[in-house]
Amino acid sequence: MPDQLLYAMEVTLNGLMAGVLYALVALGFVLIFKASGIFNYAQGVMALFAALTLVGIMEGQVPFANLINAIFGTEIHTFGWQVPAVLAIVLTLLVMILLAWCVQKFVMRHLVNQEPIILFMATIGLAYFLEGLGDLMWGSDIKKLDVGLPQGLNATIDDLTYGWFGYGFFIDNLDIIATVVAAVLVIGLTVFSQYSKQGRALRAVADDHQAALSVGISLNYIWVLVWSIAGFVALVAGIMWGTKSGVQFSLSLIALKALPVLMLGGFTSIPGAIVGGLIIGVGEKLFEFLIGPMVGGATENWFAYVLALLFLVFRPQGLFGEKIIERV
Amino acid sequence: MFYREAGDFNTSYKQDNQTFPIKFDRWRYYAVLAVAFGVVPFFINDYWANAVFVPFLIYTIAAIGLNILTGYCGQLSLGTGGFMAVGAYAVYKLMTAFPDVSIVIHVILAGGITAAVGVLFGLPSLRIKGFYLAVATLAAQFFLVWLFNRVPWFYNYSASGQISAPERTVVGVAVTGANTEAWAKYMISLVFVVACAWLARNLTRGTIGRKWMAIRDMDIAAEIIGVNPLTAKLSAFAVSSFFVGISGALFFSVYLGAVEVGEAFGIQKSFLVLFMIIIGGLGSIFGSFAGAAFLVLLPVLLKNTLVGGFGWATDLAAHFELVIVGGLIISFLIMEPHGLAQLWRVAKEKLRLWPFPH
């Protein structure tokens, strides 16, 4: 086979893997949007916050250490212990649930019945708040996250493809794990929403708030639940992205990348988030590979948005979204 | 007591429809103008001009622009930074290509070029709305910044990839370049702000402004009563981008002098201007001033108290500022969705009666 084609195949595979990671973030968006009609811009920052908290707990950092030192003139930084990864993940999950409760209690409850665009802007405010809070709590330096996931070249695939084509494909172990995790997550969430009591209640709320209230479903409880699940998805995404590229501010920008994914897939569809993620992942990698060198490179910054923009003009509800019907 | 309209009679429709129908308001407005033009330029120094006045004035123009699009026409845009970059690069290309033409004309032309780009990126608004449109404007933001970064023609093939403003004068006084005096920067910004605010105010209360507001309140209903959504939405994009472009041009040429596009006109700038109009008040010209003043002054105040007063590290203060800004946005949306402008209106109502109960 010609080299160029092999390279293209490798790029496509890597694009698929990157797409899975985008889809992971997009999943969190879809969950909240389906249950409460809120477009949660803060999802990416939640992933950053979760990753920061995880690293902070694992390293035994004192929360708000810099702030305490600045106010009281002390010199404390760590508790001096290391927490095992599994325990730290559980603790971080608890923090994310607490966060979900706070968001519901202090923000969203006061904004019921507002227009979607107001809610959207409120989540932008939330994103700023969380970003500042995360930095205040744990410091803003770039951190390394290592929860024991394997990284680097997958030797089996390399050998196998070398045997077939005479050219070994480079596939990162971490990407394979991310794919598996994403698949498990999607299946888990689907089972949860189809067969559990809470899942049914969640779908009822998504369908009609008023009717759900009238059959005795607590909206407060459901929304805390939804934000907690979104926090959990953010934690998973934070672990994956944090392991891949370090825990730093740019992590929160993947939220922006998830937006075109959602527009392609439709805001209300979980499979849509996955398919949209894959299309964007493959599309931007292939575009960068084929067209990028001709126009100066770094096209990954905008390709996804422009693709989504063109797509929207022809199909405003996305690939799998529900048809938008408007009445006066 | 302090603020009354007794004895203020309007005898014609023209009087009734003026921007400041109450005499006290009118005189206050003249007084503010007199102070801004006649007093401040004589006392301003470099610190005050660069830290407070010039950014405040320039951001005000951007906020007015975004307010026309988002506050009056209801189309949320996250591409403000990208459009400001268009204004900056347009004025840079014009300044270097036609050195003999006055900078004032260049700035206005840059606004016109930005308006054309804005209309182009506003086209999807005919099909999509709400945050779908917001994401579409993100495409403008990222694409434009990438374009100015990657195509050397835009920065005249300079080695650093930066653009820097050459010295230009207005009536013999340097307003751009390294030798500009503080008061000259302040004056040219002030002149543009006053002109833009006057233009925006008169556009928004005329036919075109009413069309925008009809589209904002409900686009389908607006279409039924005879507002053409195509012209209304696209004209909102054009006018809004015109102001944003002027603001970007001044931001580059007068305020910063040299610009690296990703740093000066990144996504953060889009959010900053959006926050200004949320805090200031959507759909209000005064709100644009109030919001810009608030978000320009807040970091300066926080920095002075936290870093200067308590001796905190700069980055700690910056994080604290993020928390405060985020918290403020949320509390404004919850408690006063119409922003500082509404607080001002309520205060005026109260002052009319004070100290009497009725």
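Predicted, not measured: the structure shown is a model, and the values here were computed from it.

Peer 1: Help me understand the overall build of chain B, please; the structure alone is not making it clear to me.
Peer 2: Secondary structure summary: chain B contains 15 helices and four strands in total. Radius of gyration (C-alpha) of chain B: 21 Å, near the 21 Å computed for a compact globule of 358 residues. Projected onto its principal axes, the C-alpha coordinates of chain B cover approximately 70 × 55 × 45 Å. Scored against the burial criterion, the 358 residues of chain B give a buried share of 46%. Put simply, of all contacts in chain B between residues at least 6 apart along the chain, 75% involve residues at least 24 apart.

Peer 1: What's the story with the nonpolar core in this structure? I'm lost.
Peer 2: One broad rule of soluble globular proteins: the nonpolar side chains tend to lie buried together. Membership of the largest hydrophobic core comes to 207 residues, with the highest contact counts inside it found for Ala23, Leu24, Ala26, Ala51 and Val226 of chain A together with Ala88 of chain B. The residues touching alanine 51 of chain A, leaving out its near neighbours within four places in the chain, are Leu145, Gly238, Ile239, Gly242, Val247 and Leu251 of chain A.

Peer 1: Hey, could you run me through the environment of histidine 106 of chain B in this one?
Peer 2: Looking at the element boundaries, histidine 106 of chain B is found in helix α5 (residues 103–122). Taking the C-alpha atoms as reference points, histidine 106 of chain B and glycine 311 of chain B, separated by 205 residues in sequence, lie 44 Å from one another.

Peer 1: Looking at this model, I keep getting lost on the interface of chain A and chain B. Mind explaining?
Peer 2: Size of an interface, as often reported, equals the accessible area lost when the parts are brought together. Every contact between the two is made by 41 residues of chain A and, on the other side, 36 residues of chain B. Where the side of chain A that touches chain B is concerned, the elements lending two or more residues are α3 (65–72), α5 (116–138), α11 (254–265) and α14 (300–314) of chain A. The element best represented in the side of chain A that touches chain B is α5 of chain A, accounting for 16 residues. Of the residues assigned to the side of chain A that touches chain B, the class counts are 31 nonpolar, seven polar and three charged.

Peer 1: Explain the confidence of the model for chain A to me, please; I cannot follow it from the model alone.
Peer 2: A low pLDDT score tells you not to read the predicted coordinates there in detail. Averaged over every residue, the pLDDT of chain A is 81; residues scoring 70 or more account for 96%. Per-element confidence in chain A is highest for helix α4 (residues 85–107) of chain A, whose mean pLDDT is 90, and lowest for helix α6 (residues 155–165) of chain A, whose mean pLDDT is 72.

Peer 1: Explain the packing of helix α8 (residues 197–207) of chain A against helix α10 (residues 219–245) of chain A to me, please; I cannot follow it from the model alone.
Peer 2: Axes are the key here: two packed helices are described by the angle between their axes and the distance separating the axes. Residues and elements named next belong to chain A. Direction vectors running N to C along α8 and α10 enclose 105 degrees, while the axes themselves pass 10 Å from each other. One element, α8, and the other, α10, form an angle in the roughly perpendicular class. Along the contact surface, α8 presents Gln198, Ala201, Leu202 and Val205, while α10 presents Leu219, Ile222, Leu225 and Val226. Considering only residue class, the contact of α8 with α10 consists of seven nonpolar, one polar and no charged.

Peer 1: I keep staring at the packing of helix α12 (residues 267–280) of chain B against helix α15 (residues 339–353) of chain B and nothing clicks. Help me out?
Peer 2: Residues and elements named next belong to chain B. Two elements in contact, α12 and α15, have axes whose closest approach is 3 Å; the angle formed by their N-to-C orientations is 20 degrees. With respect to α15, the axis of α12 lies roughly parallel. On the side of α12, the interface is formed by Ile278, Ile279 and Gly280, while α15 contributes Gly339, Leu340 and Ala341. The residue inventory of the contact of α12 with α15, partitioned by class, reads four nonpolar, two polar and no charged.

Peer 1: Where do I start with unusual backbone geometry in this structure?
Peer 2: With the exception of glycine, the majority of residues adopt a negative phi angle, and the majority of peptide bonds are in the trans configuration. Residue and element names in this part refer to chain B. With a phi close to 55 degrees, tyrosine 157 is a non-glycine residue in the positive phi region. Residue tyrosine 157 is classed as exposed on the basis of its C-beta count, with 8 C-beta atoms lying within 10 Å. Its identity as a non-glycine residue notwithstanding, valine 171 has a phi of 40 degrees, on the positive side.

Peer 1: I'm lost on α10 of chain A in this one. Help?
Peer 2: The α-helix winds at 3.6 residues per turn, so residues separated by three or four positions along the chain end up facing the same way. Spanning 27 residues, α10 of chain A covers 38 Å between terminal C-alpha atoms, matching the ideal 39 Å at 1.5 Å per step. With 21 of 27 residues buried, α10 of chain A lies mostly within the body of the structure.

Peer 1: In this structure, what is going on with α5 of chain A? I would like to understand it.
Peer 2: Helix length check: α5 of chain A, at 23 residues, gives a terminal C-alpha distance of 32 Å against a target of 33 Å (1.5 Å per residue), a fit within 8%. Among the 23 residues of α5 of chain A, 18 are classified as buried, and the element is accordingly described as predominantly covered.

Quick notes on the rules
- Residues numbered from 1 in each chain as written.
- Chains lettered and ligands numbered in written order.
- Predicted model: local features only at pLDDT ≥ 70, side-chain atom pairs only at ≥ 80, totals over all residues.
- Helix = DSSP H or I, 4+ residues; strand = E, 2+ residues; numbered from the N terminus.
- Rg over C-alpha atoms; globule rule 2.2 N^0.38 Å.
- Buried ≥ 20, exposed ≤ 12 C-beta atoms within 10 Å, placed from the backbone.
- Contact = placed C-beta atoms within 7 Å.
- Core = buried A, V, L, I, M, F, W, Y, C linked by C-beta atoms within 7 Å.
- Nonpolar A, V, L, I, M, F, W, Y, C, P; charged D, E, K, R; others polar.
- pLDDT = per-residue confidence, 0-100.
- Axes fitted to C-alpha atoms, helices over the stretch in contact; angles between N-to-C directions.
- Parallel < 35°, antiparallel > 145°, perpendicular 65-115°, else oblique.
- Expected span 1.5 Å × (residues − 1).

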